[in-house]
Amino acid sequence: MFPSCCSSSKPADSGAKRSSYAKLLLGVFVVYMLHTVWLLYGFLNTKPCDEGIGEDCIASYLAARPRLQLSVFTCLVPDSSQLNLAVKVDHFDPHSSFERLVNISLPEETRANGTLYAVVYVHRASVSPLEDSREVHYAALLTTYITPPAHTEGQRDTQKRQSPRAENPVSHWRPHLSITMMSEDFTFNKAGLPSDVRRYMRVSQNGRQMIYLPLLLVNELSVRVRDLMEISPSTVQLPLTVSYEGISLRGFRFWVHLQDVVYSLRQFGFTEENVDEIKATLMDSNLYLLVLTALVTALQLICEFLALKNDISSWRKKKTMAGMSRKSVMWRSLSTLLIFLHLLEETSLLVLLPVGLGACVEVWKVFKVFNMNLLWKSSKLHANKLDEEERKTVEYDTQASRYLSYLVYPLCISGAIFSLAYLRQKSYYSWLINSLVTGVYALGFLSMAPQLYINHKLKSVSHLQGTVLMYRGVNTLISDLCSCASLSSSHQLSCFRDELLFFLYLWQRRHCAHKARRRESGTHSKKLKTQ
């Protein structure tokens, strides 16, 4: 008896360890989100310094209303040598805003696939910025290196034949220079100075009082890939739009954190096109909407993690595939792979990573439901034999698929014929993927029919994992209600299949439980009559 007990306890111990690891990861994620919420609270509620209680305060240089001047120079190297004046604002008001369009002459080094910098100075009026001890400056690139985009397959092939450097990054011009500066007269506490503000702060002594010079920033998020202009050797001048806007302390910290996020994404290997999509999302939203989006995204990640964890755990524990529709699992695997290929061309990595992970899990389910094992020694697939309940499930699955084909085949053929009208506008690969994905989106609800038919025939839903359906239903419901901008409308429509499946599962579960209670009450009354 003891050996059998010991052997049965090992899988339980391993399962408990996996469960504890999952709970540990979930706990770390929750603690991280709570820490982020606390940081956001401190970010939105920066307390000013109070000299009345003896705090060391740092006052604003702008509180004395000095006469200032804003100057923008261009240079090859961001230092104090060889500066060329581009824009000069004599009577500069930090609380105002302006926009100017100027033409910038490009040096020969920049035209030869080089770079060019803009140095923004805020200094005292009628005083050179190089001689002002209380000047502040910020250096920003006016050029960036990206691969020239190819809009069509024909253009891409022509560029490959004509220009061998087309595959290499080429210097492009940034036509916008967006300058921001904190114009709020805020008094900081020296002991509680925020770290993001400390990086941009220069402190000067004014008698016994400490003052900080203006907090200057160039908004890098305003630069989009679609606005970039390729610099050729024959380009002599290019237009530059210089804009300025005074912002509050909260706005200044907001832009600093957003630029740090974009910098981190580039360090993680995100392409400029993916970063540009994130820039568009950040620029088109206000602060409170972004905070709400972050909280909703965190909730979605938790639901997706729990659904994936429970799904893998339940399928690993399955000893029999009785009651599971092979056709539904196969359809879901193919549809997830097609959606992944479709999103691969138009969506960022933030969406592709969970979709790709889900596709791998669905492919693994196909091997499980068909009872296929890969023999590594012989490199062959081996299919196990089916028992009586599994053979009955396959029979019901075949019946449901046959009935469903009477509706699916005409719809697929008519949809393919209708999409032929758009074949001239796309390549054959894009047309094929888009046609298949359109069929997946349109007929995704019908893929659940075989599984629902099997549940009806077996009068049971015990073979399904209700927890996974619940998490996925909540996740997709949140996604659909919030209408996430990173997903297409057709992909949002396909998410409803999880919600519909969850509601139908609840109905079938209640219906089967009601019939089970009736059978139990009937057998119980018969026993009483016989007694």
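For the structure, check the block above.
Each value, and the rule that gives it
Here the residue numbering is sequential within each chain, running from 1 through the sequence in written order. Reporting of local features is limited, given that this is a predicted model, to residues whose pLDDT is at least 70; pairs of side-chain atoms are given and counted only at 80 or more, and all residues count toward the totals for whole chains, interfaces and linings. Side-chain calculation: all heavy atoms of the structure are included, whereas hydrogens and water are not. Secondary structure counts use DSSP, requiring at least four H or I residues in a row for a helix and at least two E residues in a row for a strand, with both numbered from the N terminus. Throughout, exposure labels follow a simple rule: accessible area from a 1.4 Å probe, protein chains only, divided by the maximum for the residue type, with under 20% read as buried, over 50% as exposed, and the rest as partly exposed. We call two residues in contact whenever any of their non-hydrogen atoms come within 4.5 Å of each other. Method for areas: the Shrake-Rupley scheme with a 1.4 Å probe, in which residue coverage is limited to the protein chains shown. Like-charged residues are merged into a patch within 9 Å and nonpolar side chains (Val, Leu, Ile, Met, Phe, Trp, Tyr) within 5 Å, provided each residue has over 30% relative accessible area and no salt bridge. By salt bridge we mean one thing: a side-chain nitrogen of Lys or Arg within 4 Å of a carboxyl oxygen of Asp or Glu. Only rings of Phe, Tyr and Trp enter the pairing, Trp through its six-membered ring, and a pair is recorded when the two centres are within 6.5 Å. The plane angle decides the type: under 30 degrees is stacked, over 60 is edge-to-face, the rest tilted. Two conditions define a charge sitting above a ring: the NZ of Lys or the CZ of Arg must be within 6 Å of the ring centre, and it must be within 35 degrees of the ring normal. What qualifies as a polar contact is a pair of N or O atoms within 3.5 Å, subject to a donor-acceptor requirement within protein and to the restriction that residues adjacent in sequence count only when both atoms come from side chains. By definition here, a helix of n residues has an expected span of 1.5 Å times n minus one. Between any two strands, pairing holds if DSSP finds at least two bridges. In these notes, a set of buried Ala, Val, Leu, Ile, Met, Phe, Trp, Tyr and Cys residues joined through side-chain atoms within 4.5 Å is what counts as a nonpolar core. Axis angles are defined between N-to-C directions and span 0 to 180 degrees, where every axis is a line fitted to C-alpha atoms and, for a helix, only to the segment in contact.

Peer 1: Looking at this structure, I do not really get the overall build of the chain. What am I missing?
Peer 2: Secondary structure summary: the chain contains 15 helices and 17 strands in total. The proportion of buried residues among the 531 residues of the chain is 40%. Summarising the internal contacts of the chain: among those between residues at least 6 apart in sequence, 76% fall at separations of at least 24. Only carbon and sulfur atoms are counted for the fraction: they give 60% of the accessible area of the chain, which is about 31400 Å².

Peer 1: Can you walk me through a nonpolar patch on the surface in this structure?
Peer 2: Taken together, the side chains of Trp38, Leu39 and Tyr41 define a hydrophobic patch exposed on the protein surface, amounting to about 390 Å² of accessible area. Residue position: Leu39 is located in helix H1 (residues 2-44).

Peer 1: Hey, could you run me through the packing of aromatic side chains in this one?
Peer 2: Given two aromatic rings, their pairing is described by the distance between the two centres and the angle made by the two planes. Here the structure, examined in full by the defined rule, presents nine aromatic pairs. Centre to centre, the rings of Tyr200 and Phe252 are 5.7 Å apart; their planes meet at 85°, and the pair counts as edge-to-face. On the criterion of sequence distance, the pair formed by Tyr200 in the loop between helix H4 (195-198) and strand S11 (203-206) and Phe252 in helix H5 (residues 249-267) is long-range, its members being 52 residues apart. Note on Phe252: relative accessible area 0%, which makes it buried. For the ring pair Tyr403 and Tyr453, a centre distance of 6.4 Å and an interplane angle of 85° mean the geometry is edge-to-face. Separated by 50 residues along the polypeptide, Tyr403 in helix H10 (residues 388-419) and Tyr453 in helix H12 (residues 449-458) bring together distant segments of the chain. Tyr403 sits in the partly exposed class, given a relative accessible area of 45%. Linked through ring pairs, Phe92, Phe98 and Tyr244 together constitute an aromatic cluster. Directly above the aromatic system of Phe98 lies the positively charged group of Arg100, at a separation of 5.8 Å from the ring centroid.

Peer 1: I'm lost on the side chain of Asp132 in this one. Help?
Peer 2: Of note, Asp132 is situated in the loop between strand S5 (117-124) and strand S6 (136-141). For Asp132, a relative accessible area of 6% corresponds to the buried category. A polar atom in the side chain of Asp132 sits 3.1 Å from the backbone nitrogen of Arg134. Ignoring sequence-local partners within four residues, the contact set of Asp132 consists of His123, Arg124 and Val127.

Peer 1: How do you make sense of the pattern of salt bridges when you look at a structure like this?
Peer 2: One side chain can pair with another of opposite charge once the charged atoms of both are near each other. Evaluation of the coordinates by the stated rule reveals eleven salt bridges. Asp90 is paired through a salt bridge with Lys88; the nearest N and O atoms lie 3.7 Å apart. Asp90 sits in the partly exposed class, given a relative accessible area of 40%. Of the charged contacts in the structure, one is a salt bridge between Asp260 and Arg199, with a shortest N-O distance of 2.8 Å. Of this pair, Asp260 sits in helix H5 while Arg199 is found in the loop between H4 and S11, placing the two residues 61 residues apart along the sequence. Look at the salt bridges and you will find they share partners, linking Asp311, Arg332, Glu362 and Lys365 into a network.

Peer 1: Sorry if this is basic, but what is going on with helix H8 (residues 326-343) here?
Peer 2: Structurally, the α-helix is built with 3.6 residues per turn, so residues lying three or four positions apart point the same way. Compared with an ideal rise of 1.5 Å per residue, which puts 18 residues at 26 Å, H8 spans 26 Å between its outermost C-alpha atoms and is within 8% of the ideal. Residues of H8 that are buried: Arg326, Ser328, Val329, Ser333, Ser335, Thr336, Leu338, Ile339, His342 and Leu343.

Peer 1: How should the sheet that holds strand S10 (residues 188-189) be read in this particular structure?
Peer 2: Consider a sheet: its strands pair through backbone hydrogen bonds, and that pairing is either parallel or antiparallel. The four strands lie next to each other as S10-S1-S12-S11, forming an open sheet whose pairing is mixed. Pairing within the sheet leaves two strands with one partner each, and these edge strands are S10 and S11. Of the strand pairs in this sheet, S11 and strand S12 (residues 209-212) are connected by four bridges, and their pairing is antiparallel. In the strand pairing of S12, Ser204 is matched with Ile211.

Peer 1: Is there a simple way to think about the nonpolar core in this case?
Peer 2: Proteins that are soluble and globular tend to have nonpolar side chains buried together. Within the largest apolar cluster, 58 residues are counted, with the highest numbers of intra-cluster contacts made by Leu70, Phe92, Trp173, Leu177, Ile179 and Phe188. Looking at this core, the element that brings in the most residues is H5, giving eight residues. Apart from residues no more than four positions distant in its own chain, Phe92 is found in contact with Leu68, Gln69, Leu70, Phe98, Val122, Met181 and Tyr244.

Peer 1: What is the right way to look at the sheet that holds S5 in this model?
Peer 2: Strand order in the open sheet formed by four strands is S3-S2-S5-S6, and the pairing between neighbours is antiparallel. What marks the edges here is a single partner per strand, and that holds for strand S3 (84-92) and S6. Pairs of neighbouring strands in the sheet enclose a mean axial angle of 15°, with direction left out of account. Sheet analysis places strand S2 (residues 68-75) next to S5, joined by eight bridges and oriented antiparallel. Of the residues in S5, the one forming a bridge with Gln69 is His123.

Peer 1: Sorry if this is basic, but what is going on with the environment of Phe252 here?
Peer 2: Expressed as a C-alpha distance, the spacing of Phe252 and Leu217, which sit 35 residues apart in the sequence, is 8.1 Å. Apart from residues no more than four positions distant in its own chain, Phe252 is found in contact with Met182, Tyr200, Leu215, Leu216, Leu217 and Ile247.

Peer 1: Is there a simple way to think about the pairing of S6 in this case?
Peer 2: On any regular strand, side chains alternate: one points to one face of the sheet, the next to the other face. Alternating positions in S6 separate cleanly, Val136, Tyr138 and Ala140 being buried on one face and His137, Ala139 and Leu141 remaining unburied on the opposite face. As paired strands, S5 and S6 are joined by six bridges and run antiparallel to one another. Counted as the bridge partner of Val119 is Ala139 from S6.

Peer 1: What's the story with unusual backbone geometry in this structure? I'm lost.
Peer 2: Within the chain, Asn113 stands out as a residue other than glycine whose phi angle is a positive 60°. Here Asn113 lies in the loop between helix H2 (108-111) and S5. The class for Asn113 is partly exposed, based on a relative accessible area of 31%. Its identity as a non-glycine residue notwithstanding, Ser126 has a phi of 65°, on the positive side. The exposed category is assigned to Ser126, whose relative accessible area is 69%.

Peer 1: In this structure, what is going on with the side chain of Thr235? I would like to understand it.
Peer 2: Relative to the elements of secondary structure, Thr235 occurs in the loop between strand S14 (229-230) and strand S15 (237-247). The class of Thr235 is buried, set by a relative accessible area of 12%. Of the polar contacts made by the side chain of Thr235, one reaches the side chain of Ser232; its length is 2.8 Å. Setting aside residues no more than four positions away along its own chain, Thr235 makes contact with Leu106 and Arg111.

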